[in-house]
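Structural characterization, general
The lines below spell out each chain.
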Amino acid sequence: MATIKNLQQQLELINHNPDADCDRELSGCYIGDLLSWVMAHAFSGCVWITIMSNINVAAVASLTDAACVIMAEGVQPDQDLLDRVKRDDIALFTSPLSVYEIAIKVHDVLNA
Amino acid sequence: MDKIHLQYNVDGEDFTLAGEASSDVRRVLRKLGFDGDTIRRAAICMYEGEINMVIHASGGVIDVYIDPDSIEIIMADTGPGIADIEKAWQEGYTTASQTVRDLGFGAGMGLPNMKRYSDFIDIETELGKGTTVKMIIKTRS
Ligand SMILES: Nc1ncnc2c1ncn2[C@@H]1O[C@H](COP(=O)(O)OP(=O)(O)OP(=O)(O)O)[C@@H](O)[C@H]1O
Ligand SMILES: [Mg+2]
């Protein structure tokens, strides 16, 4: 099964929390920006792709037990969010690619 | 196990603290050995309620009572109250401001999520006085 590390390498993601555990296996992918919606539909072990960048991203990621978060389209995390993902051991990445391009690549990694 | 009581004051001004109380309850439930599904449901219900207190009601008090077979969450605020509770229950209904929407809130999914993930939910609200949300999450083993 693919891990966060595989994903990071294949997508050339920028890692914003080098201390996070990147050996965790991935169970699928969820895409969304409306936090309550994501809260209802994201699932344990998923890769969550979003363009949200504020501190609430950390709470949603940990409550849904997402494996990692990818912030797409070149969006950069707020300082609050950076501090929180470090405190809570959440893997957070950024990518200049569009949500669509990332989704295709995530699909390839999950099915490799 | 005796009933455990936890209490949190939710600051309505501070968005950076939103979600802290639910994260703490999640930690406690984990330590007590509750199963993953129960923890997830309780944490989601509490997070949605906590955020509502912050974005719609400028804060409040949360009491959590933990039993081996159920978690009871009581969230009381002295905010504006809910004008039309029938509408508020509907998926997609929101009165969230643009500022709050820019943060990713305002899908109108908070109350539907709380209903979906709790085993019991009751809301008492009075315009100009405030809102109290009571939820019970039962373990399913
Ligand atoms: N504690 C509260 N005090 C006052 N109004 C509330 C409270 N909780 C909910 N509401 C009202 O009910 C509406 C629906 O709440 P709900 O949580 O379902 O959606 P939301 O908070 O607007 O968006 P989301 O939860 O998806 O971010 C809110 O927009 C608001 O008008
Ligand atoms: Mg809400």
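My aim in this report is to walk through the structure given alongside it, one point at a time.

About the cut-offs
- Residues numbered from 1 in each chain as written.
- Chains lettered and ligands numbered in written order.
- Predicted model: local features only at pLDDT ≥ 70, side-chain atom pairs only at ≥ 80, totals over all residues.
- Heavy atoms only, no water.
- Helix = DSSP H or I, 4+ residues; strand = E, 2+ residues; numbered from the N terminus.
- Rg over C-alpha atoms; globule rule 2.2 N^0.38 Å.
- Buried < 20%, exposed > 50% of the residue type's maximum accessible area, 1.4 Å probe, protein only.
- Areas by Shrake-Rupley, 256 points an atom, 1.4 Å probe, with all protein chains shown as cover.
- Lys, Arg positive; Asp, Glu negative; His and termini not counted.
- Charge placed at Lys NZ, Arg CZ, Asp CG, Glu CD.
- 1 Å grid on protein atoms, 1.4 Å probe; cavity = no way out; pocket = protein on both sides within 12 Å on 5 of 7 lines; lining within 4 Å.
- Points joined across faces, edges and corners; volume = space filled by probe spheres on them.
- Nonpolar A, V, L, I, M, F, W, Y, C, P; charged D, E, K, R; others polar.
- Pairing = 2+ DSSP bridges.
- Contact = heavy atoms within 4.5 Å.
- Axes fitted to C-alpha atoms, helices over the stretch in contact; angles between N-to-C directions.
- Near = heavy atom within 4 Å.
- Polar contact = N/O pair within 3.5 Å; in protein donor to acceptor, adjacent residues only side chain to side chain.
- Sits in = over half its atoms within 2 Å of the grid points.
- Phe/Tyr/Trp six-rings, centres within 6.5 Å; stacked < 30°, edge-to-face > 60°.
- Lys NZ or Arg CZ within 6 Å of the ring centre and 35° of its normal.

1. A look at the overall build of chain B
Within chain B one finds 5 helices and 5 strands. What you see in chain B, going N to C, is helices and strands ordered as β-α-α-β-β-α-α-α-β-β. Against the globule reference of 14 Å for 141 residues, chain B gives a C-alpha radius of gyration of 14 Å, in line with a compact fold. Oriented by its inertia axes, the alpha-carbon framework of chain B measures out at about 45 × 30 × 25 Å. Scored against the burial criterion, the 141 residues of chain B give a buried share of 48%. A total of about 6900 Å² of accessible surface is found on chain B, and carbon and sulfur atoms cover 47% of it. Both charge centroids of chain B, one from 15 positive and one from 23 negative side chains, sit 6 Å from each other.

2. Points about the layout of surface pockets
There is about 610 Å³ of room inside the largest pocket. For the largest pocket, the lining is made up of 31 residues, of which N52, H56, I82, T95 and L111 of chain B are closest to its centre. Of all the secondary structure elements, the ones that give two or more residues to the lining of the largest pocket are α2 (36-57), β3 (70-77), α5 (110-117) and β5 (130-138) of chain B. In terms of residues, the lining of the largest pocket owes the most to one element, α2 of chain B, which gives 8 residues. Tallied by class, the residues present in the lining of the largest pocket amount to 17 nonpolar, 11 polar and 3 charged. Approximately 400 Å³ is the volume attributed to the second largest pocket. Lining the second largest pocket are 17 residues, and of these S62, D88, D89 and I90 of chain A together with R26 of chain B sit closest to its centre. Those elements that provide at least two residues to the lining of the second largest pocket are α3 (56-63) of chain A together with α1 (20-31) of chain B. Per-element accounting of the lining of the second largest pocket gives the leading share, 4 residues, to α1 of chain B.

3. Examining the sheet that holds strand β2 (residues 28-31) of chain A
Residues and elements named next belong to chain A. With mixed pairing, the 5 strands of this open sheet are ordered in space as β1-β5-β4-β3-β2. Unpaired on one side and paired on the other, β1 (14-15) and β2 mark the two borders of the sheet. Where β2 meets strand β3 (residues 46-50), 4 bridges bridge the pair, whose relative direction is parallel. The partner of C29 across the bridge, within β3, is V47. Sitting on the sheet, helix α1 (residues 4-11) is in contact with β1, β3, β4 (68-71) and β5 (91-94), with an inclination near 15 degrees to β4.

4. Let's talk about the site of ligand 1
Neighbouring ligand 1 are 22 residues; H56, T94, T95, G106 and G108 of chain B lie closest to it. In this structure, ligand 1 sits where chains A and B come together, each supplying nearby residues. Within the contact set of ligand 1, an oxygen atom lies 3.0 Å away from a side-chain nitrogen or oxygen of S36 of chain A. The contact in question runs from an oxygen atom of ligand 1 to an N or O atom on the side chain of H56 of chain B, over 2.8 Å. In a pocket analysis with a 2 Å cut-off to the grid points, ligand 1 is assigned to the largest pocket. Sort the elements by how many residues they give to the shell around ligand 1 and α2 of chain B lands first, with 5 residues. Each residue belonging to the shell around ligand 1 can be placed in one class, and the counts come to 10 nonpolar, 10 polar and 2 charged.

5. Looking at the packing of aromatic side chains
As enumerated under the stated definition, the model contains 0 aromatic pairs over all chains in all. It is K115 of chain B that lies over the ring of W89 of chain B; its NZ or CZ is 4.4 Å from the centre.

6. A word on the pairing of β5 of chain A
Residues and elements named next belong to chain A. Side chains A91 and F93 project from β5 onto one buried face, and the interleaved L92 and T94 project onto a second face that is buried too. Pairing of β1 with β5 involves 2 bridges; the strand directions are antiparallel. Within the sheet, the bridge partner assigned to N15 lies in β5 and is F93. Two strands pair when backbone bridges link them, and β4 and β5 are joined in this way by 4 bridges, in the parallel orientation. Across the sheet, residue I70 finds its bridge partner in β5, namely F93.

7. Comments concerning the pairing of β5 of chain B
Residue and element names in this part refer to chain B. Inspection of the sheet shows β3 paired to β5 by 8 bridges, in the antiparallel sense. Looking across to β5, one finds that A76 is bridged to T132. Note: strand β4 (residues 120-126) against β5, 7 bridges, orientation antiparallel. Bridge pairing links E126 to G130 in β5. Here β4 hands over to β5 after 3 residues, with G128 in that stretch at a positive phi of 80 degrees.

Scope: geometric values only; no functional claims are made or implied.
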